[in-house]
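Read off the chains here:
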Amino acid sequence: MTGIRNRLENRLENLAHTIFRHRLKSIFCIVVIVAAFISQVPKLTLDFSTEGFLHKNDSSLLTYNAFRDQFGRDEVVIIAIEPPQIFNTEFFIWLKALHEDIEENVPYLDDVTSMINARNTRGNDDELIVEDLLETLPTDAAAMASLKQRVVSNPMYKNLLIAEDGSITAIVIKTQNYSSIGNETDVLAGFEEDGRYDTGIEDLQPDARAYLSNEENSAIIIAIQSVLKKHAREDTRIYLAGSPAVTHSLKASMMRDMRKFVMLAVLTIAVFLFVMFRRVSGVLLPLVVVACSLLSTLGLMAFFGTPIKLPTQILPSFLLAVCVGASVHILAIFFHHFQATGNKEASLAYALGHSGLACVMTHITTAAGLLSFSTSRIAPIADIGLYASFGIMIALVYTLVLLPALMAVLPLKQGRFRVNGKELTAMDRSMQWVARFSTQRPVIILMVAFLILALSIPMIFRIRFSHDVLRWFPEDNAVRMATEQIDRKMRGTINLEIIIDTGQENGLYDPMILKRLERAAAHIETLDYGEVFAGKAWSLVEILKEIHQALNENQSAYYRIPQNRDVIAQEFLLFENSGSDDLEDMVDSQFSMARFTVKAPFTDALKYQRLMRDVDRYFNETFPDVNLQITGMMPLLFRTLSNVVVSMAMSYVTAIVIITLLMILLIGRFRIGLLSMIPNITPILIMLGLMGALSFPMDAFTMMVGSIAIGLAVDDTIHFMHNFRRYYEEKGDPVWAVQETLHTTGRAMLVTTVVLSIGFFIFMFADMKNIFNFGFLTGITIIMALLSDYFIAPALMVLANKDVSDKQ
């Protein structure tokens, strides 16, 4: 194995000589490659939707898309209005002006519903009239009292358009389902020859049509905010909520955070590079390498049409922090040798020969750790696995080719780097103390590490899984406060949808099926589990009962389902002929399939499990003769959470197995390779224990900490083991080998750890709590990994390697 390593190191030295002789050609080739990637960057898109967390072929997403194709978008924008008094002529005039302004000035709308145009179904002799609730405004107290009575007594208005306590009214905005960009509408799409709509997912092709885009969603919310600002009143509170508003707020936070992260990462890296090298070239050269790596990665994402999503927002600052490590190691060796010899070509060859192989090994293991995400069931996590791995490997190419070429071209001064300054002497003393302590007390160190692990492991079982998008925002976030207020007052802002498919034309004219739907709504509205409850449930049955009541002299006693199938068919036909299109949102054109909607609060997806399970069980028991599918935003959120659990287990196991095998292969000795994983796994277990102790949730962001950290932690271990083997083979003295390793590689390990940890601590400046948790945990884990390599790795090497030196 030593011979293979020596041959590889010699080839890297030869590579350095080749690049030095052909430096301009090397730079030109890299510039062409980077330019090709950069040309794709403008095509990069954004996606912050809930659906974006799932792969396009995920069965839950396909079912949801089939639902949207039939019934339209179930995500609505909710404007809740809390005036001093709702039933007041002045307020209704103001509400009408606001309603009309929204209809006229907000793009991509499908429907706007408020008390102004709420469906008011009534009969006049034998005629069915479906009109707007406020077709004419009340002109006196009696008319206002009559209006209030009609509103309060209408079951469909309650908790949809007016709160149960009458303190809040709402404007519900349904947006277009499909994007207006690049979609050519086929009005017959999705219909079979018999006219029946096909919602089966087995033949459904993803991306048959593009749904409303992120840009269009933001345009809607921005336009609404502008209208609300125009109509603001001092005595009236206005709340803007709904999942489109949440998505827009996530986008705004992410865009602010990304700019902040990149600026802080660049600044942090620049400061530490200057402190270490004390020369401008030592700052600019690594930054050029990581900038090229980042732009190449983003260009590749754009080329393959992969959008930036919520979790992938960490990618730019992550690559900036991670990819600088190899440059630091090579520059440290180069400047040390160049200061002593003044020979630039020889110093480049020595640097690549000394640290090049270790850099290759560290990049491979880091990429392998990240590749463990590539099979994740969370789409953006899988994207991170693929593209971060590419970024790491392309950074290796730029480090081994572009960095030496630039160093060969630039006029570097020999005397600018100092090895005997005060700061390095202090570092020497620190490394000497660490080496002495770790080699003289190996058993004590391992016992302390074992004790810490023994305390950490029980805490791991306290970790709870979570996917609570709303609570990612700070408590004073406007959308979060609005959503929580509407959830309290109007009992929900998110939907669970049940599709009832009878499998036959006009199957929903059956009064028995309709009565079961009526009983289902009554039963489900009783489900209350504390923080999660069914705030409202409804279907086409409510429309039918309104029709039947209207056709029977508007008597409340007739607010019921007719007993006769033909009467039901006739009443639905009369409603359709009245000019209202409300049935289109509830049932297909053949009356074979309908939706049943349950409204619930926007909360942690984990808490939806019991409600969804009970709803599913009730419908399967009550409707054994029909086909049922459960979909909507709520199941998508829960599916994302369940995918987090599976993906975390898969990524952790995959990362550990792959990196262990690579360590054994790269180190060349099975026993030492296994031992080298102990200082890598220990910080991960302590981090998981810390998560449990601090009650940090395991979500789509914190699940990445372990695999990312082990991929990064192993870098320092590789540098330590690589140099330890060099020095141990030279004299056969493990204690001396540890001392020399820490005096040489130990410095670079410290600097790269500081840069990396601060690079992740930068995420603690994020607006969203999930990003804060991710940055804090990853930064702490990287620091623990350095301590593990400073103490546990030397202790293991001293105990595992005999002293075969000639001393004594």
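Keep in mind the model is a prediction, meaning the values are calculated, not measured.

*Asks:* So what about the overall build of the protein? Which residues, and what values?
*Replies:* When helices and strands are counted, the protein shows 25 helices and 10 strands. The C-alpha extent of the protein, read off along each of the three principal axes, is 115 × 55 × 50 Å. Here the protein, with 808 residues, has 58% of them falling under the buried criterion. Across the protein, the fraction of contacts at a sequence separation of at least 24, relative to all contacts at a separation of at least 6, is 81%. Accessible surface computed for the protein: about 33,200 Å², of which carbon and sulfur atoms make up 57%. Computed over 69 positive and 83 negative side-chain charges, the separation of the two mean positions in the protein equals 16 Å.

*Asks:* Any details on a negative patch on the surface? Residues and values, ideally.
*Replies:* A surface patch of negative charge is lined by E100, E103, E104, D111, E576, D581 and E584. At three residues, the largest contribution of residues to the negative patch is made by helix α4 (residues 89–105). Its location among the elements puts E104 in helix α4.

*Asks:* Talk me through helix α9 (residues 315–322); I want residue IDs and the actual numbers.
*Replies:* Burial within α9 is extensive, with eight of its eight residues counted as buried. Along α9, the residues that are buried comprise L315, P316, S317, F318, L319, L320, A321 and V322.

*Asks:* So what's going on with the sheet that holds strand β6 (residues 237–241)? Residues and values would help.
*Replies:* One open sheet accounts for four strands, arranged β2-β5-β1-β6; its pairing is antiparallel. The open sheet has two edge strands with one neighbour each: β2 (109–113) and β6. Within this sheet the neighbouring strands show an average axis-to-axis angle of 15°, counted without direction. Sheet analysis places strand β1 (residues 76–82) next to strand β5 (residues 169–175), joined by six bridges and oriented antiparallel. Considered in β5, the bridge of V77 is made with I173. Of the strands in this sheet, β1, β2, β5 and β6 touch α4, which is tilted by about 175° from β2.

*Asks:* Explain the side chain of S456 to me, and be specific about the residues and the numbers.
*Replies:* Within the element layout of this structure, S456 appears in helix α14 (residues 442–460). For S456, a relative accessible area of 8% puts it in the buried group. Leaving out residues up to four positions away in the same chain, S456 has contacts with L685, I686 and G689.

*Asks:* Lay out the packing of aromatic side chains with the relevant residues and their values.
*Replies:* Enumeration over the complete set of coordinates arrives at 30 aromatic pairs. Ring geometry for F53 versus W472: centroids 6.4 Å apart, planes at 55°, classification tilted. Residue F53 is located in the loop between α2 (23–38) and α3 (59–71), and its partner W472 is located in the loop between α14 and α15 (478–490); the two are separated by 419 residues in the primary sequence. Judged by its relative accessible area of 4%, F53 is buried. Here F760 and F774 contribute two aromatic rings whose centre-to-centre distance is 6.0 Å and whose plane-to-plane angle is 70°, an arrangement assigned as edge-to-face. Taken together, the positions of F760 in helix α24 (residues 734–761) and F774 in helix α25 (residues 769–800) put the pair 14 residues apart, joining distant regions of the chain. A single burial state applies to F760 and to F774, both of which are buried. Taken together, F261, F318, F760, F763 and F774 form an aromatic cluster joined through their ring pairs. Looking at R233, its charged tip hangs above the ring of W94, at a distance of 5.1 Å from the centre. Residue placement shows K731 over the ring face of W736; its charged tip is 4.3 Å from the ring centre.

*Asks:* Break down α14 for me, citing the residues and quoting the values.
*Replies:* If you check α14, its first and last C-alpha atoms are 27 Å apart, about what 19 residues at 1.5 Å a residue would give, namely 27 Å. Along α14, the positions that sit buried rather than exposed are P442, I445, A449, L453 and S456. Burial along α14 is one-sided: seen end-on, the buried residues are contained in an arc of 70°. Along α14, the residues that are exposed and aim more than 90 degrees away from the buried face are M447, F450, L451 and L455.

What counts, and where the lines are drawn
- Along each chain, the written sequence defines residue order, and numbers are assigned to residues from 1.
- Where totals are concerned, whole chains, interfaces and linings use all residues; where local detail is concerned, this predicted model gives features only for residues with pLDDT of at least 70, and gives and counts side-chain atom pairs only at 80 or more.
- Where side-chain values are given, they derive from all heavy atoms of the structure, hydrogens and water being excluded.
- Runs of E in the DSSP output that reach at least two residues are strands. Runs of H or I that reach at least four are helices, and both are numbered from the N terminus.
- For every residue, the accessible area obtained with a 1.4 Å probe (protein chains only) is divided by the maximum for its type, and the residue is called buried under 20%, exposed over 50%, and partly exposed between those limits.
- Whether two residues touch is decided by their heavy atoms; if any such pair falls within 4.5 Å, the residues are in contact.
- Computed by Shrake-Rupley with a 1.4 Å probe, the accessible areas treat only the displayed protein chains as cover when residues are assessed.
- In this count, Lys and Arg are taken as positive residues and Asp and Glu as negative ones, while His and the chain termini are left out.
- Charged side chains are reduced to one point each, which is NZ for Lys, CZ for Arg, CG for Asp and CD for Glu.
- Put simply, a patch holds well-exposed residues, over 30% relative accessible area, that have no salt bridge, with like charges counted together within 9 Å and Val, Leu, Ile, Met, Phe, Trp or Tyr side chains within 5 Å.
- Each salt bridge in this description consists of a side-chain nitrogen of Lys or Arg and a carboxyl oxygen of Asp or Glu lying within 4 Å of one another.
- Between any two strands, at least two bridges found by DSSP are needed for them to pair.
- Axis definition: a line fit to C-alpha positions, over the contact stretch in the case of helices; interaxial angles, taken between N-to-C directions, run 0 to 180 degrees.
- Note on aromatic pairs: the rings of Phe, Tyr and Trp (six-membered ring only in Trp) are paired at centre separations within 6.5 Å, and the planes decide the class, stacked below 30 degrees, edge-to-face beyond 60, tilted for the rest.
- Only lysine NZ and arginine CZ atoms are considered, and such an atom sits over a ring when it is within 6 Å of the ring centre and within 35 degrees of the ring normal.
- Here a helix's expected span is defined as the number of its residues, less one, multiplied by 1.5 Å.
- Picture the helix axis, draw a direction to every C-beta atom, and the arc is the one those directions span.

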